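Working through the structure, step by step
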Amino acid sequence: QVQLVESGGGLAQAGGSLRLSCAASKSIFRGIAMGWFRQVTGKQRELVATITNVGSTNYTDSVKGRFTISRDNAKNTVYLQMNNLKAEDTAVYYCNARGLLFDSVPPREYEYWGQGTQVTVSS
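Overview of the structure.

With that settled, the discussion passes to unusual backbone geometry. In the segment running from Val-105 into Pro-106, the intervening peptide bond is cis, with an omega of 0 degrees. Mapped onto the secondary structure, Pro-106 falls in the loop between strand S9 (91-101) and strand S10 (108-113). Despite not being glycine, Asn-76 shows a phi value in the positive range, around 50 degrees. Of note, Asn-76 is situated in the loop between strand S7 (67-72) and strand S8 (77-82).

With that settled, the discussion passes to the sheet that holds strand S3 (residues 18-24). Reading across from one edge, S1-S3-S8-S7 is the order of the 4 strands in this open sheet, with antiparallel pairing throughout. Bordering the open sheet on either side are strand S1 (4-7) and S7, each of which pairs with just one other strand. The sheet shows a mean angle of 15 degrees between the axes of neighbouring strands, taken without regard to direction. Pairing of S1 with S3 involves 4 bridges; the strand directions are antiparallel.

Each value, and the rule that gives it
- Residues numbered from 1 in each chain as written.
- Predicted model: local features only at pLDDT ≥ 70, side-chain atom pairs only at ≥ 80, totals over all residues.
- Heavy atoms only, no water.
- Helix = DSSP H or I, 4+ residues; strand = E, 2+ residues; numbered from the N terminus.
- Pairing = 2+ DSSP bridges.
- Axes fitted to C-alpha atoms, helices over the stretch in contact; angles between N-to-C directions.

Shown next, in the form of structure tokens:
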């Protein structure tokens, strides 16, 4: 079964740091991209950062210069290093996997989500 498991969330003070981890199933980790999204209850889930299967990264403007997404291909794990945290970073953070399965013509698209890890930043 496809599985994404997030960890590393918790409570931090403004200006502090947290490091999130997402362990992914091997079959999907090397897809098009892995990413982190976040969501506040009652609001739409938003993109935080993505990293492609060749290491290209992208960030939402609000976290540029503060967050870093990375991946360890040997461990099938993606990370989100969050520095200089702000109160507005408080959310549930979700790991995302997106890619293609080449077992058919045309290839099949897939997208999977983890269950989320809570990040709370106090000011």
